[in-house]
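# Structural description and commentary
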Amino acid sequence: MRIVVLTGAGISAESGVPTFRGSDGLWEGHAIEDVATPAGFRRNPALVQRFYDERRAFLAHVHPNPAHFALARLEAALGEDFLLVTQNVDDLHERAGSQRLVHMHGELKRALCTICRAAPEWDGPLGVPHSCPRCHIPGRLRPDIVWFGEMPYDMELILPALARCQLFVSIGTSGAVYPAAGFVATAAGAGARTLELNLDDSAGSPAFNESRRGPAGVLVPAWVEEVLK
């Protein structure tokens, strides 16, 4: 069976990773336009760098949960018939063992050079000026995060996978952020069955063939067991 899985903030929240966007429309106390747009970075780069430096450092204090490990186990069984697409910018899927994985919204543990577009792995702070490892121009590195108004990564891989899959599964997503919110329609339009695993109803719930409610750490391992049987 060919499966595409989409994960969102809900799966990482169970590991203690705060969701960026709160019910008040702010990203952990900051206006979205100040810390999650190219214009915000141009206006106040120090604020933006500090915001993501703090979140990058926080990753050392959280760990993958059973849902992350279950998806890695499913990948190991299915191989090339499996693709994991995440909206999350943490590294919990990788630490659980996932390899067939794309970060459509970027990664906290990568920097992005605004000159040559290199995206080196990055563990430390970006708030102090650094030189790009490729072009060696100093002071032009930013977080490798897809901000509002920017094109998500790897769509040339994701869309064909959705068109070929037999099952599309959405885990812990709000169903409100496009283009990811449209993946269920793309997969269903190509004939795939669709399943949502979420703590609560999402904006996209009516579009799925089946929805299951509960914590990802419970639902995902149980679903993986069903598939592997």
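Residues numbered from 1 in each chain as written. Predicted model: local features only at pLDDT ≥ 70, side-chain atom pairs only at ≥ 80, totals over all residues. Heavy atoms only, no water.

Going by an unreviewed UniProt entry, the protein chain carries the name NAD-dependent protein deacylase and comes from Polymorphobacter multimanifer. For the record of the protein chain, the UniProt heading Subcellular location (unreviewed entry) holds the text "Cytoplasm". UniProt's Sequence similarities (unreviewed entry) comment on the protein chain is quoted here verbatim: "Belongs to the sirtuin family. Class III subfamily." (UniProt positions renumbered as here; feature names shortened; annotations may be inferred.)

## Observations regarding the domain arrangement of the protein chain
When cut into domains, the protein chain gives domain 1 (1-17 + 64-105 + 152-228) and domain 2 (18-61 + 113-145). The C-alpha-based centres of domain 1 and domain 2 are spaced at 26 Å. Of the residues lining the interface, eleven residues belong to domain 1; the matching set on domain 2 comes to eight residues. Here domain 1 and domain 2 share an interface that buries about 790 Å² over both sides, 59% of which is from carbon and sulfur atoms. The three residues of domain 1 that bury the most area against domain 2 are V17, V89 and Y153, which together make up 47% of that side's buried surface. Between domain 1 and domain 2 we count zero salt bridges in total. (Domains from an automatic or database assignment. Contact = heavy atoms within 4.5 Å. Buried area = accessible area lost by both parts, 1.4 Å probe. Salt bridge = Lys/Arg side-chain N within 4 Å of Asp/Glu carboxyl O.)

## Re the sheet that holds strand β1 (residues 3-7)
With respect to topology, six strands assemble into an open sheet ordered β5-β4-β1-β8-β9-β10, the strand pairing being parallel. Edge strands, defined here as strands with exactly one partner in the open sheet, are β5 (101-103) and β10 (210-213). Mean inter-strand twist for the sheet, computed between neighbouring axes without regard to direction, equals 15 degrees. Of the pairings in the sheet, the one linking strand β8 (residues 167-171) to strand β9 (residues 193-198) comprises five bridges and is parallel in character. (Pairing = 2+ DSSP bridges. Helix = DSSP H or I, 4+ residues; strand = E, 2+ residues; numbered from the N terminus. Axes fitted to C-alpha atoms, helices over the stretch in contact; angles between N-to-C directions.)

## What to know about the environment of R110
Mapped onto the elements, R110 comes out in strand β6 (residues 106-113). It is 5.5 Å that separates the C-alpha atoms of R110 and P120, two residues lying ten residues apart in sequence. Excluding residues that lie within four positions of it along the chain, R110 makes contacts with A119, P120, E121, W122, P143 and D144. A polar contact is formed between the side chain of R110 and the backbone oxygen of A119, at a distance of 2.8 Å. (Polar contact = N/O pair within 3.5 Å; in protein donor to acceptor, adjacent residues only side chain to side chain.)

## What about the nonpolar core?
V5, V169, I171, V220 and W223 are the most contacted members of the largest nonpolar core, which has 20 residues in total. Going through the elements one at a time, β1, α5 (66-78), β4 (82-86), β8, β9 and α9 (216-228) are the ones with two or more residues in this core. With five residues, the single largest contributor to this core is α9. Aside from chain neighbours lying at most four places away, what touches V5 is L71, F82, L83, L84, V85, V169, I171 and W223. M104, L162, F183 and F208 belong to the second-largest nonpolar core, a separate cluster that totals 18 residues. (Core = buried A, V, L, I, M, F, W, Y, C linked by side-chain atoms within 4.5 Å. Buried < 20%, exposed > 50% of the residue type's maximum accessible area, 1.4 Å probe, protein only.)

## Considerations on the side chain of S98
Turning to its location among the elements, S98 is positioned in the loop between α6 (92-96) and β5. Apart from residues no more than four positions distant in its own chain, S98 is found in contact with L71, A72, E75, L84 and H93.

## Here we look at the pattern of salt bridges
Under the definition given, this model contains 15 salt bridges. Here R43 makes a salt bridge to D34, at a shortest N to O gap of 3.0 Å. Judged by its relative accessible area of 28%, D34 is partly exposed. Between R213 and D201 there is a salt bridge, with its nearest N and O atoms 2.8 Å apart.

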